[in-house]
Amino acid sequence: MKILSINAGSSSLKFSLFNMKDESVIASGIFERIGIDGSYTIKFNGEKIKEDAKLDTHVDAVNILLEKLISLKIVESLDEIEGVGHRVVQGKDIFDKSVIVDEEVMKKLESIKSFAPLHNPANMLGIEAFMKSLPHAKNTVVFDTAFHQTMNKETYLYPVPYEWYEKYGIRKYGAHGTSHRYIAETLEKKLNTNKFKLISCHIGNGASITAIKDGKCIDTSMGFTPLAGVMMGTRSGDIDPSLLPPVMEAENKDINQIINDLNKHSGILGLSGISSDMRDLTEAYNQGNERAILTMNKYARRITDYIAQYYVLLEGADNIVFTAGIGENSFIVRKLVCDNLKCLGVKIDDEKNKNCHGEALISTDNSKVKVYVIPTNEELMIARDTLELIK
Ligand code: ADP
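As a starting point, this report considers the structure included with it. Throughout this document, residue positions are counted from 1 along each chain, in the order its sequence is written. Local features are withheld for residues below a pLDDT of 70 in this predicted model, meaning they are given only at 70 or higher, and side-chain atom pairs are given and counted only at 80 or more; totals for whole chains, interfaces and linings count all residues. Think of the side-chain values as coming from all heavy atoms in the structure, minus any hydrogens and water.

### Description of the nonpolar core
Test applied: Remark: nonpolar core denotes a set of buried residues (Ala, Val, Leu, Ile, Met, Phe, Trp, Tyr, Cys) joined through side-chain atoms within 4.5 Å. Think of it in three bands: residues with accessible area under 20% of the maximum for their type are buried, residues over 50% are exposed, and the middle band is partly exposed, with areas taken using a 1.4 Å probe on protein chains only. By definition, any uninterrupted DSSP run of H or I lasting at least four residues is a helix, any uninterrupted run of E lasting at least two residues is a strand, and each is numbered from the N terminus. Only heavy atoms enter the contact rule, under which two residues are in contact if any of them lie within 4.5 Å.
Counting 44 residues, the largest nonpolar core has Ile 199, Ile 209, Tyr 299, Ile 303, Ile 307 and Ile 320 as its most contacted members. Elements that contribute at least two residues to this core include exactly strand E9 (197-203), strand E10 (207-213), helix H10 (278-286), helix H11 (290-313), strand E12 (319-323), helix H13 (331-340) and strand E14 (370-373). In this view, Ile 307 contacts Ile 199, Cys 201, Ile 209, Ile 320, Val 337 and Leu 341; residues no more than four positions away in its chain are not counted. Ranked by size, the runner-up nonpolar core spans 29 residues in total, among them Ala 8, Leu 13, Ile 34 and Ile 64.

Okay, structure coming up:
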C-alpha cells in the first residue's frame, strides 16, 4: 500500500510518498510559492526535478503532483495511493489522536482555526485539495498537539485568571508531538519496553523539550503557541511579557509587530546578530566571535534549564534523546548541554558524540542517564498513523 504524507503551509506543500510494505520513501518533494508564482521539486529514484509552474492555489499543486507521479512513472495508477495523511499544527483539546477526515472532523477543524491562524487554514487547504483531486483515497489528520494531551491540568494551566482558560481556551497545548512520539516509539522498539523515563529534545529551527513517562507526555516546553519554551532559531522562547510595552512605545510598534519580532527576529538570530542557522553560528563560535559564544552558551543553557526541570518532574530520567536538525548534527550543542548536566551524572563519550551519524548511543557506560541521538521522522509517523487508521 502507498501512502502520501503531506505538510501544507500557507504557500507551500511538502510531500513524501511511502511504500508501507517496507516504509521506504518512493518520492518526496515540495511545491513552493503557491499563490505567488510557483515552483516544485520532486526527488525520486536518485533523481531530482526542479521546475517552475503556475501555482495559484493548493489544488494546482496537488493536481501537478498527481500528474507528475504518473508521468514520471513513480506510480502506475493513482489508485495505488490509498491514504493521505495530513500534518495539522493545532488540534486543541478536541483531538487527542490522529483521525480519518470526515465532515464532522472538517467542522471541528474549522472551529479551532483561529488557534493557529497561520497554519491550520493552510493545513485545511491541503486536505480540501486532496479530497477534490484524489477522491478515492482516505484522508487522515495527524496533530502536532495530540501527543501532549496527556498532560495534567496542573501542568497545562497557566497561573492567570482561570476564566481565560474557561472562556478562551488559554492553556499549554505544546507542539512537535508527532516527532516526540516517534522518538518515544523508536526507543520503545530499541529497548523492548515503554517503561522508561525519557527527556526528548527536538532541537531544529523550532525547538521543544518533552518529558515522557511510560510512553506518555507529562510536560512539554512549548505552550499556547510554539513561541514558548527554549530559545530557538528565530523565536525567543519564554520571556517576561512586561518587557513588551516599553519596546512597543520606543519603536512605535503594535502588538502584532512585536510578537512578530519575538517569532522571527529573536532567538539565535536576535542574540547573535549573525544568523538563525546553527551552522553559521557554529562557524562564528569556532572563530571566537564573542556574540556567537554568548549565544551558543545561552542556547545550551536554555535547553539545560528544561532538561533539569523535567529530570526533577520525572524523579530522574533513564534516557535523554537529541533529535532534529541541531540535535542530530551539532556535536557542540550536545556537548555543551551534557556538560551542563554533569551534576546529574550525565556523561558523554566525546569521540562517540563527535563521530555519530544517524542513530547512536553517545553516553559513557557509567553515565547515570543514557544519551542517544535518534533522527526524527515525522513524515513516517504520519504515514504509519494513516495506515493504521485506514487498514
Ligand atoms: P525545522 O524543521 O524546524 O525547520 P530542522 O530540524 O531542519 O529545522 O533544523 C534546522 C537547523 O539544523 C538549522 O539551525 C541548521 O543550521 C541545523 N543544522 C543542520 N545541519 C547541521 C550541522 N551539520 N551542524 C549544525 N547544525 C546543523
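From this point on, the discussion continues.
### Concerning the site of the ligand
Worth spelling out the cut-off: One heavy atom within 4 Å of a molecule or strand makes the whole residue count as near it. Counting of polar contacts relies on pairs of N or O atoms within 3.5 Å, with two restrictions inside protein: one atom must be capable of donating a hydrogen and the other of accepting it, and residues adjacent in sequence are counted only when both atoms are side-chain atoms. For the accessible areas, the method is Shrake-Rupley and the probe is 1.4 Å, while residue cover comes only from the protein chains on display. The residue classification treats Ala, Val, Leu, Ile, Met, Phe, Trp, Tyr, Cys and Pro as nonpolar and Asp, Glu, Lys and Arg as charged. All others, Gly included, are polar.
Around the ligand lies a shell formed by Gly 204, Asn 205, Gly 206, Asp 277, Met 278, Arg 279, Ala 324, Gly 325, Ile 326, Asn 329 and Ser 330. Measuring from an oxygen atom of the ligand, one finds a side-chain N or O atom of Asp 277 at 2.4 Å. Between Met 278 and the ligand, the recorded distance is 3.0 Å, taken from a backbone N or O atom to an oxygen atom. In the complex, the protein chains occlude 63% of the 580 Å² of accessible area that the ligand would expose alone. Looking at the shell around the ligand, the elements that each hand over two or more residues are H10 and helix H12 (324-329). Looking at the shell around the ligand, the element that brings in the most residues is H12, giving four residues. Its residues assigned to classes, the shell around the ligand shows three nonpolar, six polar and two charged.

### What about helix H1 (residues 58-71)?
Where we set the bar: For a helix, the expected span equals 1.5 Å multiplied by the number of residues minus one.
The first and last C-alpha atoms of H1 sit 20 Å apart over 14 residues, in line with the 20 Å expected at 1.5 Å per residue. Between a side-chain oxygen at the N-terminus of H1 and the backbone nitrogen of Val 59 the separation is 3.2 Å; the capping residue is Thr 57.

### Let's talk about the sheet that holds strand E3 (residues 24-32)
Just so we agree on the cut-off: Paired strands, in this sense, are two strands between which DSSP finds at least two bridges. Note on geometry: axes are C-alpha line fits, over the in-contact stretch for helices, and angles between N-to-C directions span 0 to 180 degrees.
The eight strands are arranged E5-E4-E3-E2-E1-E6-E8-E7 in an open sheet whose pairing can be described as mixed. Every other strand in the sheet has two partners, leaving strand E5 (47-52) and strand E7 (99-100) as the edge strands with one partner each. Here strand E6 (residues 81-88) pairs with strand E8 (residues 138-143) via six bridges, running parallel. Each bridged residue has a counterpart across the sheet, and for Arg 87 the counterpart in E8 is Val 142. Strands strand E1 (2-8), E6 and E8 of the sheet are contacted by helix H3 (residues 120-133), whose axis makes an angle of about 170° with E6.

### Quick look at a nonpolar patch on the surface
Stated precisely, the cut-off is as follows: Two joining distances apply to patches: 9 Å for like charges and 5 Å for nonpolar side chains (Val, Leu, Ile, Met, Phe, Trp, Tyr), and every residue must have over 30% relative accessible area and no salt bridge. We define a salt bridge as a contact between a side-chain nitrogen of Lys or Arg and a carboxyl oxygen of Asp or Glu at a distance within 4 Å.
A surface patch of nonpolar side chains, amounting to about 380 Å² of accessible area, comprises Tyr 158, Val 160, Trp 164 and Tyr 168. Assignment of secondary structure puts Val 160 in the loop between helix H4 (153-156) and helix H5 (162-168).

### Some points on unusual backbone geometry
Phi at His 176 is positive, roughly 60°, even though this residue is not glycine. Within the secondary structure, His 176 sits in the loop between H5 and helix H6 (177-191). Under the relative-accessibility criterion, His 176 is labelled buried at 11%. Positive phi, close to 65°, is recorded for Asn 192, a residue that is not glycine. Among the structural elements, Asn 192 can be located in the loop between H6 and E9.

### Overview of the side chain of Glu 328
How we decide: Positive charges are assigned to Lys and Arg, negative charges to Asp and Glu, while His and the chain termini are left out of the count.
In this structure, Glu 328 sits in helix H12. Here Glu 328 sits buried without a salt bridge, and the closest side chain of opposite charge, Arg 334, lies 8.2 Å off (N-O distance). Within the local environment of Glu 328, its side chain forms a polar contact with the backbone nitrogen of Thr 376, the two atoms lying 2.9 Å apart. Setting aside anything within four residues of it in sequence, one finds Glu 328 in contact with Thr 323, Arg 334, Val 373, Ile 374, Pro 375 and Thr 376.

### A short note on the packing of aromatic side chains
The condition that has to hold: We call Phe, Tyr and Trp rings a pair once their centres come within 6.5 Å, taking the six-membered ring for Trp, and we label the pair stacked below 30 degrees between planes, edge-to-face above 60, and tilted otherwise.
All told, the structure shown has nine aromatic pairs when counted by the stated rule. Measuring from centroid to centroid gives 6.4 Å for Phe 15 and Phe 31, while their planes differ by 50°, and the two rings are tilted. With Phe 15 in strand E2 (residues 13-19) and Phe 31 in strand E3, this pair connects stretches of sequence that are 16 residues apart. Here Phe 15 falls in the buried class, since its relative accessible area comes to 2%. On the accessibility criterion, Phe 31 (0% relative accessible area) is buried. Between Tyr 162 and Tyr 165 the ring centres are 5.7 Å apart and the planes differ by 70°, which places this aromatic pair in the edge-to-face class. Taken as a pair, Tyr 162 and Tyr 165 lie in helix H5 at a separation of three residues, close to a single helical turn.

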